[in-house]
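One letter stands for each residue in the lines below.
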Amino acid sequence: MSLHHRTYTRIPLALDVQLQFKGASLGHAITRNINLFGAFIELPEPELVTNDFIKIYFTHKEQDQTCLEQKGMVIHSNKEGVGIIFASDTAEFRAMLDQEMKHAGITAMSIRLSELAP
């Protein structure tokens, strides 16, 4: 099985992030979908390519302040953005993602129902 095939469904959820590559900021971006293991991040002109290691800073929308750092690797890149696999899964990241899902009204039931949709 290739890394391009996800085992778990990603949740459509727009989260504000800031990206950093080799110590340089790539600016603000937004996740298109996410789960505990990876995300697709929308970038209109992605400079990143497969196997690039990046830092992703999840930010508070109102405060524009970093709330969590996550490291990841680019799995694929296209004109719409980059697919990332996360390097780790922490309790802090799980709690942040759970809080953001609740804030967006996403429940475990809605996730399971989306898996049934064609």
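Refer to the structure printed above.
Residues numbered from 1 in each chain as written. Predicted model: local features only at pLDDT ≥ 70, side-chain atom pairs only at ≥ 80, totals over all residues. Heavy atoms only, no water.

**Some thoughts on helix α1 (residues 91–103)**
The end-to-end C-alpha distance of α1 is 18 Å, a good match for the 18 Å that 13 residues give at a rise of 1.5 Å each. Positive backbone phi, approximately 80 degrees, marks glycine 105, located one or two places after α1. (Helix = DSSP H or I, 4+ residues; strand = E, 2+ residues; numbered from the N terminus. Expected span 1.5 Å × (residues − 1).)

**Here's the deal with the nonpolar core**
Core analysis: the biggest nonpolar cluster contains 26 residues, and Ile34, Ile41, Ile56, Phe58 and Phe93 have the highest contact counts within it. Of all the secondary structure elements, the ones that give two or more residues to this core are β2 (16–21), β3 (24–34), β4 (38–42), β5 (53–60), β6 (65–78), β7 (81–86) and α1. For this core, the element with the highest residue contribution is α1, accounting for four residues. (Core = buried A, V, L, I, M, F, W, Y, C linked by side-chain atoms within 4.5 Å. Buried < 20%, exposed > 50% of the residue type's maximum accessible area, 1.4 Å probe, protein only.)

**Examining the environment of proline 12**
With respect to the element layout, proline 12 can be found in strand β1 (residues 11–12). Judged by its relative accessible area of 62%, proline 12 falls in the exposed class. When the C-alpha positions of proline 12 and asparagine 33 are compared, they lie 4.2 Å apart, and in sequence the two are 21 residues distant. Other than its neighbours up to four places away in sequence, proline 12 contacts Arg32, Asn33 and Ile106. (Contact = heavy atoms within 4.5 Å.)

**Topic: the environment of threonine 90**
Its place among the elements puts threonine 90 in the loop between β7 and α1. One polar contact links the side chain of threonine 90 to the main-chain amide nitrogen of phenylalanine 93, over a distance of 3.0 Å. (Polar contact = N/O pair within 3.5 Å; in protein donor to acceptor, adjacent residues only side chain to side chain.)

**Some points on the side chain of glutamine 70**
Tracing the backbone shows glutamine 70 in strand β6. Given a relative accessible area of 3%, glutamine 70 falls into the buried group. One polar contact links the side chain of glutamine 70 to the main-chain carbonyl oxygen of serine 88, over a distance of 3.2 Å. Filtering out sequence-adjacent residues up to four positions away, glutamine 70 remains in contact with Ile54, Lys55, Ile56, Phe58, Phe86, Ser88 and Phe93.

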